[in-house]
Amino acid sequence: MSYVSCALRAATPRCLPAPWRSPRPFSSATGPTAKKSVPYQKTLKEEGSGTGEPSRPLPPSAEVVVVGGGSLGCQTTYHLAKQGVTSVVLLERDRLTSGTTWHTAGLLWQLRPSDVEVELLAHTRDVVSRELPAETGLHTGWVENGGLFIASNKQRLDEYKRLMSLGKAYGVESYVLTPSQTKDLYPLMNIDDLYGTLYVPKDGTMDPAGTCSTLARAATARGATIIENCPVTGIQVRADNFGVKRVYAVETAHGTIQTPCVVNCAGVWARALGRLAGVHVPLVGMHHAYVVTERIEGIQNMPNVRDHDASVYLRLQGDALSVGGYESNPIFWEEVSEKFAFGLFDLDWDVFMQHIEGAINRVPVLEKTGIKSTVCGPESFTADHKPLMGEAPEVRGFFLGCGFNSAGMMLGGGCGRELAHWIIHGRPEKDMYGYDIRQVASVSLPSRRFHHSLTDNNRWIRERSHESYAKNYSVVFPHDEPLAGRNVRKDPLHEELLRQGCVFQERHGWERPGWFNPRGAAPVLDYDYYGAYGQERHRDYTYNRLLGDEYTFDFPPHHDIIKNECLTCRNALALFDMSYFGKFYLVGPEATKAANWLFTADVSKAPGSTVYTCMLNKRGGVESDLTVSRISPGDPASPLAPAFEGDGYYLAIGGAVAQHNWSHITAVLQDMKLQCKLLDCSEELGMMSIQGPLSRVVLQEVLDTDLSNEAFPFSTHKLTTAAGCTVRAMRLSFVGEMGWELHVPKADCVKVYQAVMQAGARHGITNAGYRAIDSLSIEKGYRHWHADLRPDDTPLEAGLAFTCKLKSSIPFLGREAVEAQKAKGIFRRLVCFTTEEKVPMFGLEAVWRDGEVVGHIRRADFGFAIDKTITYGYIRDPTGGPVSLDFVKSGSYELERMGVTYPARAHTKSPFDPDNKRVKGFY
């Protein structure tokens, strides 16, 4: 018999390595003998596989073809059928679950540091515990034994307390337990090193075969067709009359199915399936493992355990445990086999052993417990540890539902429902932006998640996927940044700012300024894999040390440095490098027709005007907020002024959401068949924003134009010169001060920057980064898209009704939904809160009104000018009534942070400069 303790002795070297080290890459040392077998009483493998013939005839056509019969494929098929799509076909190359689903641990934890994911998990739990049994009369294998999160230090327990507070907004029952209370709940646990735990009594586990077979039964009953033993061999793609590539048919060895829609739920094999359609799917395969113990006396009915600091989980398996985790040196599956089905790898004990010590420490009886079997199978992982979902930008009608990072079972129900809604209605119900494949850019465009220069770079994918895997159990701190895959995209001012102490943040490959370290440069170095695979760890790594200093849920140690950047902007002036912004031109004979339909505000003004506006979806949800400037054609053409016929508009969009905007606009233009073009100049132009009361004085020395209110009013723009270089100057602000943006050809950026800094030196100018922008903008009440403004929020709910041209007769996308909501009433509303107590908040805090939870905080920061914590969150009336301004004003509020409530004041206007005098130059 193999014992857990034997694994420690058999693994080499005898002494366990430090958490971020590995004895050698891809080791294959033999360990104690144990059979390879999943711990489930039943798998679908026993029902026969590899017969060579499909389980049923192929139909000639279908509305939707789902490829892949694992968790996501079955959930998506079920939800498509449930939402009324009867002509849906699921194709599985072998048997259902045969790829990665059959060996999954099947854990479901209800709380994660994301409000959307909490909602997705809740639906999965509802499907497997209630919906499917009610529909089919079958048991899915759901076991509700609870979940226990282990904290060995204060920071970890603080993270769990944040989850507990968020859970209260969603009705998720959870409790913070002391070590002694934990011992009462789990008598076999060692509590000597415990700081505390979080207990969630309604967490549980799922059975992959039981869940997927029941999903298939329910989907078939609603008209879906499930075909096994039918591998896909090709995807037919055709271009329409406008050159747009669209799915036409799915080819198999047994026939072709004509369809306008394919859903790639092929797991580790999704990359190969994507290539058949010319779609890039940026994921990698890795070995992911757990071991199953022999019977343990007294373990029955214990909750599942997640000891994040030891990077180990303990899943109840009847009267035994499954033990697994996320190691620092995972093995990549280099050659993904097309024939792999119901397969397992040999467990590499040198890699797996780092979990053994943590497991024995937490449950000491494991040291004398036998190992019944090992389970090491393939799983797919992505560079940001988020799934890939939605319609691919390369081919219309080709959807992804893959790359679930070993969470496909627990996210499957929620994501399957959203993917079905996406396919049917063109967008999901919930805010799935973080999962959206459209953020994986095309060759010409930057994106939030991955730029084309990254997704075609195997080194970058491996580095980022490794770091995401290795840090899966790390505390999620508000200001953490990746160390892998850095310095790929740098703007023209990068080296200049680096010398001045810029501490950079990474966004979709761009290095953007975070804040400025007065002690000097902090360059980002090549990735060292945290010492894994024989890599030598960096020593005296300043950037990593600065990140580590901010691993806290208190005010970070650099709080006062950011305070200085903010207050210098408020009292003098600051320069912000915003070059990573998306910069697009919408031009052509029907550009104004497109602009009128796309943008909520009236942007069809005279050239020289700039308008802040939103773009909506059909349901009235906000897909973007941006500035749109009417321009004249350039003669000669340049990145600042392209040549075009008809009308032209210049779109400036937050860099983190540039690809989302591009995709939204492109889809609208394709669907309406409008004669206009969208041009991308994001890489060709830099962007500097000079903001503050002294900005006019300084810029008047640099710009060759009159900057008075009369000559250059707020919300206008013009071409002018700066330091002998042509620039487009825009009088705008994202921080609530008088200021100008300078849009500059990249070759001239350094020259213009130096001229501004030289002119501003005697006036106290400072560099400032995005950490300061976050603080200044929330203080002024400006929205951040995808923080306090998302596709499931409307302008009326978000306080942006002024951006909608409802008083005109001009139709725009989403207008009918906005008008209907206006007539019916607003049933949730974005509200600003401040607290007198100077306590750090970061979002996800619960909002209490008159003793009831009415919502949670979406966005939070500290406002240095008003010297208060500022938060924004959506609230509802618990009685179900509309949320009027009177309702907001009449309540007594508290914000719950990590289980502690703080009195809060609700504001119906910005607490800073509510009359907007400063942006107009009135101080």
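First things first, this report covers the structure right here in the doc. (Residues numbered from 1 in each chain as written. Predicted model: local features only at pLDDT ≥ 70, side-chain atom pairs only at ≥ 80, totals over all residues. Heavy atoms only, no water.)

1. Side note on the overall build of the protein chain
Then step 1. Along the backbone of the protein chain there are 21 helices and 41 strands.
Then step 2. In terms of C-alpha radius of gyration, the protein chain reaches 28 Å, essentially the compact-globule figure of 29 Å for 923 residues.
Then step 3. Accessible surface, the protein chain as shown: approximately 33300 Å² in total, 49% of it carbon and sulfur.
Then step 4. For the protein chain, the distance from the average position of its 99 positive side-chain charges to the average position of its 105 negative side-chain charges is 2 Å. (Helix = DSSP H or I, 4+ residues; strand = E, 2+ residues; numbered from the N terminus. Rg over C-alpha atoms; globule rule 2.2 N^0.38 Å. Areas by Shrake-Rupley, 256 points an atom, 1.4 Å probe, with all protein chains shown as cover. Lys, Arg positive; Asp, Glu negative; His and termini not counted. Charge placed at Lys NZ, Arg CZ, Asp CG, Glu CD.)

2. Comments concerning the sheet that holds strand β3 (residues 64-67)
Then step 1. If you walk across this open sheet you meet the six strands as β10-β4-β3-β14-β21-β20, and the pairing is mixed. Looking at strand neighbours, the two that pair on one side only are β10 (225-227) and β20 (388-391), the edges of this open sheet. Strand-to-strand, the axes of this sheet are offset by a mean angle of 20°, without reference to chain direction.
Then step 2. Relative to strand β4 (residues 88-91), β3 runs parallel, the two sharing four bridges. Note that in β4 the partner of V66 across the bridge is L90. (Pairing = 2+ DSSP bridges. Axes fitted to C-alpha atoms, helices over the stretch in contact; angles between N-to-C directions.)

3. Section: the side chain of E379
Then step 1. Examined against the element boundaries, E379 turns out to sit in strand β19 (residues 370-382).
Then step 2. The charged side chain of E379 is buried without a salt bridge, its nearest counter-charge being R315 at 12 Å.
Then step 3. The residues touching E379, leaving out its near neighbours within four places in the chain, are T100, H103, V268, V284, G285, M286, H288 and S406. (Buried < 20%, exposed > 50% of the residue type's maximum accessible area, 1.4 Å probe, protein only. Salt bridge = Lys/Arg side-chain N within 4 Å of Asp/Glu carboxyl O. Contact = heavy atoms within 4.5 Å.)

4. Comments concerning the environment of Y874
Then step 1. In this structure, Y874 sits in strand β39 (residues 868-876).
Then step 2. The class of Y874 is buried, set by a relative accessible area of 6%.
Then step 3. Between the C-alpha atom of Y874 and that of P208, which follows or precedes it by 666 residues, the distance is 37 Å.
Then step 4. Look past the residues within four positions of Y874 in its chain and what remains in contact with it is D788, L789, D793, E797, A798, R828, R829, L830, V854, G855, H856 and R858.
Then step 5. A polar contact of 2.8 Å, which involves the side chain of Y874, links it to the backbone oxygen of D788.
Then step 6. Separated by 3.4 Å, the side chains of Y874 and D793 make a polar contact. (Polar contact = N/O pair within 3.5 Å; in protein donor to acceptor, adjacent residues only side chain to side chain.)

5. A closer look at the sheet that holds strand β27 (residues 610-616)
Then step 1. An order of β27-β28-β29-β26-β30 is seen for the five strands of this open sheet, with the pairing classed as antiparallel. Each of the sheet's edge strands pairs with one partner strand only, and the pair in question is β27 and β30 (677-680). On average, each strand axis in the sheet is tilted by 30° relative to the strand beside it, whichever way the strands run.
Then step 2. Helix-sheet contacts for helix α16 (residues 658-672) involve β26 (582-588), β27, β28 (622-631), β29 (647-653) and β30, and the interaxial angle to β30 is about 160°.

6. What about helix α3 (residues 115-136)?
Since the α-helix advances by 3.6 residues per turn, residues separated by three or four positions end up pointing in the same direction.
Then step 1. Taking 1.5 Å per residue, 22 residues should reach 32 Å; α3 reaches 30 Å between its end C-alpha atoms and fits that length.
Then step 2. Along its length, α3 shows its largest kink, about 45°, at V127.
Then step 3. Downstream of α3 by one or two residues, G137 has phi in the positive range, about 75°. (Expected span 1.5 Å × (residues − 1). Bend = angle between axes of the 7 residues up to and from the residue.)

7. A short note on the nonpolar core
The nonpolar side chains of a soluble globular protein tend to be buried with one another.
Then step 1. Judged by nonpolar contacts, the single largest core of 163 residues is most densely connected at V64, V263, C415, F576, L586, F599 and L651.
Then step 2. In this view, C415 contacts L72, L120, M389, F404, M432 and Y435; residues no more than four positions away in its chain are not counted.
Then step 3. In terms of nonpolar packing, the next biggest core, distinct from the first, is built from 61 residues, V67, I227, L347 and I437 among them. (Core = buried A, V, L, I, M, F, W, Y, C linked by side-chain atoms within 4.5 Å.)

8. A word on helix α20 (residues 815-824)
Then step 1. Within α20, burial applies to R815, V818 and Q821. The buried residues of α20 all sit within an arc of 130° when viewed along its axis, so they share a single face. Turned more than 90 degrees away from the buried face of α20, the exposed residues are E816, A823 and K824.
Then step 2. Structurally, α20 contributes buried residues whose contacts are with β27.
Then step 3. Note on α20: the residue one or two positions beyond its end, G825, has a positive phi of about 115°. (Arc of directions from axis to C-beta.)

9. A closer look at the pairing of β3
Then step 1. Of the two faces of β3, the one carrying V64 and V66 and the one carrying V65 and V67 are both buried.
Then step 2. For the crossover from β3 across helix α2 (residues 71-82) to β4, the handedness is right-handed.
Then step 3. Bridge analysis of β3 against strand β14 (residues 262-264) gives three bridges, and the strand direction is parallel. Each bridged residue has a counterpart across the sheet, and for V66 the counterpart in β14 is V263. (Right-handed = clockwise from strand over helix to strand, strands pointing away.)

10. A word on the pairing of strand β16 (residues 304-307)
Then step 1. Taking every second residue as pointing to the same face, both faces of β16 are buried, with N304 and R306 on one and V305 and D307 on the other.
Then step 2. Relative to β16, strand β6 (residues 147-151) runs parallel, the two sharing four bridges. Paired with F149 across the bridge in β16 is R306.
Then step 3. Bridge count for β16 against strand β17 (residues 312-317) is three bridges, and the pairing is antiparallel. Within β17, the position partnered with D307 by the bridge is V312.
Then step 4. Joining the antiparallel neighbours β16 and β17 is a turn of four residues, in which S311 adopts a positive phi near 55°.

11. Details of the packing of helix α17 (residues 695-702) against helix α18 (residues 749-760)
Then step 1. Orientation of α17 relative to α18, taken along the N-to-C sense of each, is 125°, at an axis distance of 9 Å. It follows from the interaxial angle that α17 and α18 lie oblique. Where α17 crosses over α18, the handedness of that crossing is right-handed. Residues V698, L699, E701 and V702 of α17 pack against A755, V756, A759 and G760 of α18.
Then step 2. Tallied by class, residues from the contact of α17 with α18 come to six nonpolar, one polar and one charged. (Parallel < 35°, antiparallel > 145°, perpendicular 65-115°, else oblique. Left-handed = near helix turned anticlockwise from the far one by under 90°. Nonpolar A, V, L, I, M, F, W, Y, C, P; charged D, E, K, R; others polar.)

12. Re unusual backbone geometry
Then step 1. Note that the residue after D635, namely P636, is joined by a cis bond; omega there is 5°.
Then step 2. If you check the backbone angles, N405 has positive phi at about 55° while not being a glycine.
Then step 3. As for its position among the elements, N405 is in the loop between β21 (398-402) and α9 (408-425).
Then step 4. Accessibility expressed as a relative area gives 4% for N405, which makes it buried.

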